[in-house]
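Structural characterization, general
Listed below are the residues making up each chain.
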Amino acid sequence: MPRVAVKSVADAGRKFPREFALLHQLGGTDKDVDSEALLKGAPVYGDAAAVKSLVEGKDSIEFEQLAKAFAKKSQSASVEGPEGNCLGWAARDGSGTLAPYKFSRRQLQPNDVMIKITHAGMCHSDLHTIKGDWGPAKYPVVPGHEIVGIVTDIGSSVKKFKPGDRAGVGVFVQSCRECGMCKAGEDIFCPKLVYTYNATQYDGSPAQGGYSTHVVVDETHSFTIPTNLDLAGVAPLLCAGITTFSPYKDHGLDKAGLKIGVVGLGGLGHMAVKFGVAFGCEVYVISRSKAKEAEAKAMGAKAIIPSGDEAAMKEAAGTLNGIIDTVSAKHDVNALLALLAPRGRMVVVGLPPDMPTINHFAVVQRNLVYSGSSIGNLHTTQQMLDFCGEKGITADVEVIDMEYVNTAMERMKEGDVKFRFVIDINKSLAL
């Protein structure tokens, strides 16, 4: 196994951020890396012939030689946008079409970490934002709030990370840390919360997301990533994962033996199933038909309750302790409430376009709880990632190149993905 000598970890991360990240992404450390991992990654991320020549018959190699073999030609030339230190793909208008765009990340502050992004998950929120569906966007917008990568540099006061560590960034990048909500650990309700993109940071600069080469963020808003998990599969955990983990924790639905219904088996739904099974719950997927039953059972679900089958819904009535509703399309909420046992809880994480009409008599007479849940706090997100590391949980993903992103957006709009698109940033972008 060849040993990769690195004279200075910090200097290597600063001088060759992409290649330094690749070393760690491919399972290496600051001391060594398996030659088979290098040879396997070379056709995707570098020059296969150069890497083969470099490692064959060698006991050690210099990091700068490795960096040269994995170097990718810069794609920043003739890219529309101002001069900048970061390359991303941005939407310029309501068409939502994404194209290369240069911009600048802030200079490293004492509490900041610089993360070379390896993978970025694609969320429905990205699509709605760049299309202006949820109000006027702050164009140009670089979307992406499911971000994972490798730390390449740290500020002078950072204690949580060192260069070479895995790190992730989720839905928000700044909260004041001083208000009552922040002090209570309820960061998501901070009145000064700054989302990862389509927002303005405290210094007045636009917040831009993870469809880009790197990100700079305060260590308090960065997460450690378990080393046993595939980075591509981890990316969606930063939104789809925490969005469906929080309802279990916040509403006491994480108890072994509880019967839980999950409405929908998409990007959110499949994570809700995986978490429920990992908690020891008896999980049922509620879908219009049984077409996805094999997939649901493969994830550990007991069965599908077909919402389009009146007899099946009647048979399942009053049997569930909890329901997590992940569907964003219009659907019959009262039919779902009928599935709950007395004192059952239904937690909504999807965002249908129309306000549902709730049968208050059914809710009152059986002491039901109808609630919502929005992503998760910083502490809960780290708890979720640690739980995933312990249980070996990742999202089911289709990994794509950045050049495919506009097609992927259209497919995502039509629900044509199992179950989340993830962009291979280290393969696609170089600056």
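The shown structure was predicted, so the numbers you read here are calculated from the model rather than taken from an experiment. (Residues numbered from 1 in each chain as written. Predicted model: local features only at pLDDT ≥ 70, side-chain atom pairs only at ≥ 80, totals over all residues. Heavy atoms only, no water.)

Some details on the pairing of strand S16 (residues 303-306)
What counts here: The rule is simple: take the accessible area with a 1.4 Å probe, protein chains only, and divide by the maximum for that residue type; under 20% is buried, over 50% is exposed, in between is partly exposed. Working definition: helices are DSSP H or I runs of at least four residues, strands are E runs of at least two. Numbering for both runs from the N terminus. The pairing criterion for strands is at least two bridges between them, as found by DSSP.
Neither face of S16 is exposed, since Ala303 and Ile305 on one face and Ile304 and Pro306 on the opposite face are all buried. Bridge count for strand S15 (residues 282-287) against S16 is 4 bridges, and the pairing is parallel. Residue pairing for S16: serine 287 is matched across the bridge by proline 306.

Things to note about the side chain of asparagine 426
Let me state the cut-off plainly: Whenever two N or O atoms come within 3.5 Å, that pair is a polar contact, provided that in protein one can donate a hydrogen and the other can accept it, and provided that, for residues adjacent in sequence, both atoms are side-chain atoms. Whether two residues are in contact is decided by their heavy atoms: any pair within 4.5 Å suffices.
Relative to the assigned elements, asparagine 426 resides in helix H17 (residues 425-428). Taking the relative accessible area as the measure of exposure, asparagine 426 reaches 0% and is therefore buried. Separated by 2.9 Å, the side chains of asparagine 426 and lysine 116 make a polar contact. The contacts of asparagine 426, once residues within four sequence positions are left out, are Arg18, Ala21, Leu22, Gln25, Tyr45, Lys116, Ile117 and Thr118.

Some words on the pairing of strand S17 (residues 320-325)
The buried fraction of S17 amounts to 5 of the 6 residues, a majority that puts the element mostly inside the structure. Relative to S17, strand S14 (residues 259-263) runs parallel, the two being bridged by 4 bridges. In the strand pairing of S17, valine 263 is matched with aspartate 325.

Topic: empty space enclosed by the protein
Formally: Only protein atoms enter the 1 Å grid used here. Points where a 1.4 Å probe fits but cannot escape make up a cavity, open sets with protein on both sides within 12 Å along at least five of seven lines make up a pocket, and a residue lines them when an atom lies within 4 Å of a point. Grid points are joined across faces, edges and corners, and a volume is the space filled by probe spheres set on the points. Classes in brief: Ala, Val, Leu, Ile, Met, Phe, Trp, Tyr, Cys and Pro nonpolar; Asp, Glu, Lys and Arg charged; the others, Gly included, polar.
Overall, the coordinates contain 2 cavities of 30 Å³ or more when judged by the stated rule. Approximately 70 Å³ is the volume found for the largest cavity. Around the largest cavity, the lining residues are Gly170, Val171, Phe172, Phe223, Leu238, Ile242, Ile375, Gly376, Asn377 and Thr381. Broken down by class, the residue content of the lining of the largest cavity amounts to 6 nonpolar, 4 polar and no charged.

Brief notes about the UniProt feature "domain: Enoyl reductase (ER)" (unreviewed entry) in the chain
Threshold: UniProt positions are given in the numbering used here, feature names are shortened, and annotations may be inferred rather than shown by experiment.
With numbering matched to this structure, UniProt assigns "domain: Enoyl reductase (ER)" (unreviewed entry) to residues 94-423. Secondary structure content for residues 94-423 is 26% helix and 26% strand, and the end C-alpha separation is 22 Å.

With respect to the layout of surface pockets
Its boundaries defined by the atoms lining it, the second largest pocket holds a volume of some 360 Å³. At the level of elements, helix H1 (9-15), helix H2 (17-25), helix H5 (63-70), strand S5 (112-121) and strand S6 (147-154) are the ones that each hand at least two residues to the lining of the second largest pocket. Residue composition of the lining of the second largest pocket, by class: 7 nonpolar, 6 polar and 9 charged.

Here's the deal with the nonpolar core
Within soluble globular proteins, side chains that are nonpolar generally end up buried alongside one another. As a reminder, the rule being used: To form a nonpolar core, buried Ala, Val, Leu, Ile, Met, Phe, Trp, Tyr and Cys residues must be joined to one another through side-chain atoms within 4.5 Å.
In this structure, Leu38, Phe70, Tyr248 and Phe275 are the most contacted members of the largest nonpolar core, which totals 75 residues. The leading source of residues in this core is helix H10 (residues 267-279), at 6 residues. In this structure, phenylalanine 70 is in contact with Arg18, Glu19, Leu22, Leu26, Leu38, Gly41, Ala42, Tyr45, Gly46 and Val51, ignoring residues within four places of it in sequence. Counting residues in each nonpolar core, the second largest holds 43 residues, with Val173, Val194, Met409 and Ile423 among its members.

A closer look at H5
Operational definition: Picture the helix axis, draw a direction to every C-beta atom, and the arc is the one those directions span.
Within H5, burial applies to Phe63, Leu66, Ala67, Ala69 and Phe70. Angularly, the buried residues of H5 cover 165° about the axis, an arc narrow enough to put them on a single face.

Here's the deal with the sheet that holds S16
Here is the rule: Under this scheme, a helix contributes an axis fitted over its contacting stretch, all axes are lines through C-alpha atoms, and angles between N-to-C directions fall in the 0 to 180 degree range.
Within the open sheet, the 6 strands sit side by side as S16-S15-S14-S17-S18-S19. Their pairing is parallel. Both outer strands of the open sheet, S16 and strand S19 (369-372), are each paired with one neighbouring strand and no more. Ignoring which end each strand starts from, the neighbouring axes of this sheet average 25° apart. Pairing analysis gives 5 bridges linking S17 to strand S18 (residues 340-348), with the strands arranged parallel. By the bridge assignment, isoleucine 324 is partnered in S18 with valine 347. Against the sheet, H10 engages S14 and S15, with an angle of about 165° to S15.

Observations concerning the packing of helix H4 (residues 48-55) against H5
Counted only if it meets this: Note on terminology: angles under 35 degrees are roughly parallel, angles over 145 are roughly antiparallel, angles of 65 to 115 are roughly perpendicular, and the others are oblique.
In the contact formed by H4 and H5, the axes pass within 8 Å of each other and the chain directions differ by 155°. One element, H4, and the other, H5, form an angle in the roughly antiparallel class. Contacts from Ala50, Val51 and Leu54 of H4 reach H5 at Gln65, Leu66, Ala69 and Phe70. Per-class residue counts for the contact of H4 with H5 are 6 nonpolar, 1 polar and no charged.

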